[in-house]
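Inside the fold
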Amino acid sequence: MDETYIGVFADESDRASAVEAIFNAEALGDARRKAQPETHPDFDGRHCVECGERIPKERLALGRVRCVECQTTLEHQRKLMRA
Ligand SMILES: [Zn+2]
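Residues numbered from 1 in each chain as written. Predicted model: local features only at pLDDT ≥ 70, side-chain atom pairs only at ≥ 80, totals over all residues. Heavy atoms only, no water.

**A few points about the coordination of the zinc ion**
Operational definition: For Na, K and Ca the donor cutoff is 3.2 Å, while for all other metals N, O and S atoms must lie within 2.8 Å; water is not among the atoms, so some sites may look incomplete. Metal sites are grouped by the angles between bound donors: all angles between 85 and 135 degrees with four donors is tetrahedral, opposite donors over 155 degrees apart with the others between 65 and 115 is square planar for four donors and octahedral for six, and any other pattern is irregular. Think of it this way: any DSSP run of H or I at least four residues long counts as a helix, any run of E at least two long counts as a strand, and we number them from the N terminus. Any residue under 20% of the maximum accessible area for its type is buried, any over 50% is exposed, and the rest in between are partly exposed; the area is computed with a 1.4 Å probe on protein chains only.
The coordination sphere of the zinc ion, as far as protein atoms go, consists of C48 (SG), C51 (SG), C67 (SG) and C70 (SG), spread over 2.2 to 2.3 Å. Relative to the metal, the four donor atoms surrounding the zinc ion lie at angles of 105 to 117 degrees, and the coordination shape comes out tetrahedral. Of note, the donors binding the zinc ion are all from one chain and are spaced C-x2-C-x15-C-x2-C. Of this pair, C48 sits in the loop between α2 (12–35) and α3 (57–61) while C67 sits in the loop between α3 and α4 (68–82), placing them 19 residues apart in sequence. Comparing C48 with C67 shows no difference in burial state: the two are buried.

What follows is the structure in structure tokens.
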């Protein structure tokens, strides 16, 4: 969270609602990121960015840039990092 941004609200109640607004925006951003199609600088629109396998068109339609295998590995790694 950016303290300098919150600091511009001198009044304490304004400050509190500013914090709340930022928090909501971040939560919303999270939900949006999950729902939106993924992008990757190396993605060619057909092949997994990790292993180069063809991605089934059903997955491409969902905006995925990785095959099922790489996606599973990635999600597993993310869980480990969070733990
Ligand atoms: Zn892959």
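**Notes on the pattern of salt bridges**
Pairing is possible between side chains of opposite charge, provided their charged atoms come close. What counts here: Each reported salt bridge corresponds to a side-chain nitrogen of Lys or Arg within 4 Å of a carboxyl oxygen of Asp or Glu.
By the definition in use, this model includes four salt bridges. E50 serves as the salt-bridge partner of R66, at 2.9 Å between the closest nitrogen and oxygen. Taken together, the positions of R66 in the loop between α3 and α4 and E50 in the loop between α2 and α3 put the pair 16 residues apart, joining distant regions of the chain. What makes R66 buried here is its relative accessible area of 9%. What makes E50 partly exposed here is its relative accessible area of 46%.

**Examining the UniProt feature "domain: Zinc finger DksA/TraR C4-type" (unreviewed entry) in the protein chain**
Short version of the rule: UniProt positions are given in the numbering used here, feature names are shortened, and annotations may be inferred rather than shown by experiment.
Here the UniProt-annotated "domain: Zinc finger DksA/TraR C4-type" (unreviewed entry) positions come out as residues 46–76. In this annotation, residues 46–76 is assigned 45% helix and 0% strand; the end-to-end C-alpha distance for the span is 23 Å.

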